[in-house]
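Structural overview
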Amino acid sequence: MIEEPYRWVEAIANRREYIETQLASGNPIAAVSFRDGILFLTVGRTGQKIFEVYNRIAMGAIGHPGDIERLRMAAIEVASTEGFTRSAADVSLRRMAHYSLSPALKTAFEQIYGAPYLARLLFAEVGATPEEDLFMRVEYDGAIATNGATLSQRHQDYAALSGTRQSSDLMESYLKSEHKPESDFKSALTTALDAWSVGHMALGPEAVKELPEKSAVVKHRQEQLGTAGVEAGILERESKAAIRYRALSDEDVRSTIGV
């Protein structure tokens, strides 16, 4: 009987290690506030990673496509039910994450005889101003991290998602120094692409361990854009339509930055 709690803790540790290994190669996603909304962006060759959820909410995800789809549908169902039973204005990213998605992910993670979700999620909710934009990262174990101001940190107008903590941290360090929330669309695109490049350089066997020089970031970005496509979407701040999300094509992005 005494060994049972230890076995559970050991099983949870093994499960965490397994999931982290599975997600370690996850392609980075950058999300930034700018003057006209929130931009989600990634660069890749296969698989959709950026999705509309509901009106003012969008998500990016890395992990197993089946688990991503299950969680995306769960988020849509929660938001749609809330909007139908109350009103569209009452649909809140905080409520959706804290009262629905986080408990479901935590339960799946801790049920050691069932399959966990192999996914890491990044949500954003566009506000009337960049200061009101909300970013929220939801982990496979239900843990939540937000961009909200606390006693120890200021409000962040950006967020990053990647396969490893080191990659995500380097992306956020880059965005902290380079991103400006009042920037225009072109500047936001360039900054997001460079943040993605930093995150991508921090993955794999030759991963960088600290922020690379700007010239190395630009070179890496140009090399990757030569062989992969850009996936991006915008949550528009001033749109008169109820649904604020607009997907961008690879051609839209390249024509904007002149690639």
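Treat the numbers as computed from the prediction; the structure is a model and nothing was measured.

**Some remarks on the overall build of the protein**
Across its full length, the protein holds seven helices and ten strands. The C-alpha radius of gyration computed for the protein amounts to 18 Å, which stays within 12% of the reference 18 Å derived for 259 residues, consistent with globular compactness. Considering only C-alpha atoms, the protein reaches an extent of 65 × 50 × 40 Å along its principal axes. Here the protein holds 259 residues, and 49% of them are scored as buried. Long-range pairs, those at least 24 residues apart, make up 67% of the contacts in the protein between residues at least 6 apart in sequence. Total accessible area computed for the protein in this model is approximately 13,000 Å², and 52% of it derives from carbon and sulfur atoms. Taking the 29 positively charged and 36 negatively charged side chains of the protein as two groups, their mean positions are separated by 1 Å.

**A closer look at helix α2 (residues 65-85)**
With 21 residues, α2 should reach 30 Å at 1.5 Å per residue; the first-to-last C-alpha distance of 30 Å fits that figure. Three or more residues of α2 are buried, namely Asp67, Ile68, Leu71, Arg72, Ala75, Ala79, Glu82 and Gly83. One face of α2 carries all of its buried residues, which in axial projection span an arc of 135°. In α2, the exposed residues that point more than 90 degrees away from the buried face are Glu77, Phe84 and Thr85. Tucked inside the fold, the buried residues of α2 contact β3 (50-54), β4 (57-63), α3 (93-110) and β5 (119-125).

**Digging into the packing of α2 against α3**
The relative placement of two packed helices comes down to the angle between their axes together with the axis-to-axis distance. Two elements in contact, α2 and α3, have axes separated by 11 Å at closest approach and are oriented at 140°. In this structure, the crossing between α2 and α3 has a hand that is right-handed. The residues of α3 that touch α2, namely those facing Leu71, Ala74, Ala75, Val78, Ala79 and Glu82, are Arg95, Met96, Ser100, Leu101 and Leu105. Tallied by class, residues from the contact of α2 with α3 come to eight nonpolar, one polar and two charged.

**Let's talk about the environment of Glu131**
If you trace the backbone, Glu131 turns up in the loop between β5 and β6 (134-138). With relative accessibility at 56%, the residue Glu131 sits in the exposed group. In this structure, the C-alpha to C-alpha distance between Glu131 and Ser33, residues 98 residues apart in sequence, is 8.7 Å.

**Examining the pattern of salt bridges**
A pair can form between side chains of opposite charge whenever their charged atoms are brought close. Within this structure, the stated rule accounts for 16 salt bridges. Two residues, Arg35 and Asp36, come together in a salt bridge whose shortest N-O distance is 3.8 Å. Since its relative accessible area comes to 47%, Arg35 is described here as partly exposed. Note on Asp36: relative accessible area 36%, which makes it partly exposed.

**Focus: the sheet that holds β5**
Spatially, the five strands line up as an open sheet ordered β3-β4-β5-β6-β7, and their pairing is antiparallel. Edge strands, defined here as strands with exactly one partner in the open sheet, are β3 and β7 (144-146). Neighbour-to-neighbour, the strand axes of this sheet turn through a mean angle of 25°, independent of strand direction. Sheet topology places β6 next to β7; three bridges connect them, and they run antiparallel. Within β7, the position partnered with Arg137 by the bridge is Ala145. Strand contacts of α2: β3, β4 and β5, with the helix running at about 20° to β3, the strand carrying the most contacts.

Rules behind the numbers
- Residues numbered from 1 in each chain as written.
- Predicted model: local features only at pLDDT ≥ 70, side-chain atom pairs only at ≥ 80, totals over all residues.
- Heavy atoms only, no water.
- Helix = DSSP H or I, 4+ residues; strand = E, 2+ residues; numbered from the N terminus.
- Rg over C-alpha atoms; globule rule 2.2 N^0.38 Å.
- Buried < 20%, exposed > 50% of the residue type's maximum accessible area, 1.4 Å probe, protein only.
- Contact = heavy atoms within 4.5 Å.
- Areas by Shrake-Rupley, 256 points an atom, 1.4 Å probe, with all protein chains shown as cover.
- Lys, Arg positive; Asp, Glu negative; His and termini not counted.
- Charge placed at Lys NZ, Arg CZ, Asp CG, Glu CD.
- Expected span 1.5 Å × (residues − 1).
- Arc of directions from axis to C-beta.
- Axes fitted to C-alpha atoms, helices over the stretch in contact; angles between N-to-C directions.
- Left-handed = near helix turned anticlockwise from the far one by under 90°.
- Nonpolar A, V, L, I, M, F, W, Y, C, P; charged D, E, K, R; others polar.
- Salt bridge = Lys/Arg side-chain N within 4 Å of Asp/Glu carboxyl O.
- Pairing = 2+ DSSP bridges.

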